Amino acid sequence: ILRIGYNDKQDAQFLNNYTKAKEVGVPVGAYMYSYAVTEQAAIDEANIVLERIKGMKFEYPIYLDVEDKKLLKEEYNLTKEQRTKNALAFVRTMQENGYYVGVYANLDWFTNYLDVEKIQAECETWIAHYNEDADYSNTAYGMWQYTDKGKVDGIGTNVDLNISFIDYSAR
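Counting restarts for each chain: residues are numbered from 1 in the order of the written sequence. In view of the model being predicted, local features appear only for residues whose pLDDT reaches at least 70, and side-chain atom pairs are presented and counted only at 80 or more, with totals across whole chains, interfaces and linings using the full set of residues. Side-chain numbers here rest on the full set of heavy atoms in the structure, without hydrogens or water.

### Thoughts on the sheet that holds strand 3 (residues 30-33)
Line of reasoning, step 1. By definition, two strands form a pair when at least two bridges between them are found by DSSP. Elements are defined by DSSP. Helices are runs of H or I of four residues or more, strands are runs of E of two residues or more, and each kind is numbered from the N terminus. Spatially, the eight strands line up as an open sheet ordered 2-1-3-4-5-6-7-8, and their pairing is mixed. The open sheet is flanked by strand 2 (9-10) and strand 8 (159-164), the only strands paired with a single partner.
Line of reasoning, step 2. Here four bridges tie strand 3 to strand 4 (residues 62-65), and the two strands are oriented parallel to one another. Looking across to strand 4, one finds that Y31 is bridged to Y63.
Line of reasoning, step 3. Here, two residues are considered to be in contact whenever any of their heavy atoms come within 4.5 Å of each other. Only C-alpha atoms enter the line fits that serve as axes; for helices the fit covers just the stretch in contact. Angles between N-to-C directions range over 0 to 180 degrees. Along the sheet, helix 1 (residues 14-23) contacts strand 1 (2-6), strand 2 and strand 3; its crossing angle with strand 1, the most-contacted strand, is approximately 165°.

Below, the structure written as structure tokens:
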């Protein structure tokens, strides 16, 4: 799952990562790191994503990562309901343009800052929860990020590792 960018900034490696993955047949998805504090800002982020991924093919969903601590600042006065509405504004905009989408967050955010049931009623969810004793057998999440200390041949730094419970490439 490749990072597209955040706000109006594009990840400097997004196009390279996409191209290299496609060259070797690795199925890909992508995500946008969100700073949206209104539904309109979330729609604007979706429109940025739509422009950046035009003409690309994805086997996994396009996710919105909604767990930035800045979104918890008192000055924004965002409720759980408003954060959920913002995420769903992004989701619906992407869906209206034919994309398979989802929302990414860690367990704390899905528990305390988002209405995960409302989100799961409309799109996929991808959770980050690092727990060696986690029970993955009966999860409502499509993907589960279980560590940020993974090792992959050819990459010199730690990487996030995930379990996918859905064969997204078959969709």
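Next comes the rest of the description.
### Some thoughts on the pattern of salt bridges
Line of reasoning, step 1. Any Lys or Arg side-chain nitrogen found within 4 Å of a carboxyl oxygen on Asp or Glu counts as a salt bridge. Going through the model one piece at a time under the given rule, you end up with seven salt bridges.
Line of reasoning, step 2. When the shortest N-O distance is used, the salt bridge between D148 and K149 registers 3.4 Å.
Line of reasoning, step 3. Judged by its relative accessible area of 57%, K149 is exposed. The rule is simple: take the accessible area with a 1.4 Å probe, protein chains only, and divide by the maximum for that residue type; under 20% is buried, over 50% is exposed, in between is partly exposed.

### With respect to the side chain of R83
Line of reasoning, step 1. The residue R83 is located in helix 3 (residues 80-96) in this model.
Line of reasoning, step 2. One buried charged residue, R83, forms no salt bridge at all, with the nearest opposite charge on D108 at 9.8 Å.
Line of reasoning, step 3. Looking at R83, its side chain comes within polar contact range of the main-chain oxygen of L78, at 2.8 Å.
Line of reasoning, step 4. Within polar-contact distance, the side chain of R83 engages the backbone oxygen of Y113 at 3.4 Å.
Line of reasoning, step 5. What R83 contacts, discounting residues up to four positions off in sequence, is L71, L72, L78, W109, Y113 and L114. His is not counted, nor are the chain ends, whereas Lys and Arg count as positive and Asp and Glu as negative. N or O atoms closer than or at 3.5 Å make up a polar contact, with two conditions inside protein: a donor-capable atom paired with an acceptor-capable one, and, for residues adjacent in sequence, both atoms drawn from side chains.

### Points about the nonpolar core
Line of reasoning, step 1. We define a nonpolar core as any set of buried Ala, Val, Leu, Ile, Met, Phe, Trp, Tyr and Cys residues linked to one another through side-chain atoms lying within 4.5 Å. With 40 residues, the main nonpolar core has I53, F58, I62 and M94 as its most contacted residues.
Line of reasoning, step 2. Here the element with the most residues in this core is helix 3; it accounts for six residues.
Line of reasoning, step 3. In contact with M94, other than residues within four places in its own chain, are A46, V49, L50, I53, I62, Y99 and V101.
Line of reasoning, step 4. Membership of the second largest hydrophobic core comes to seven residues, among which are Y31, Y104, A128 and Y168.

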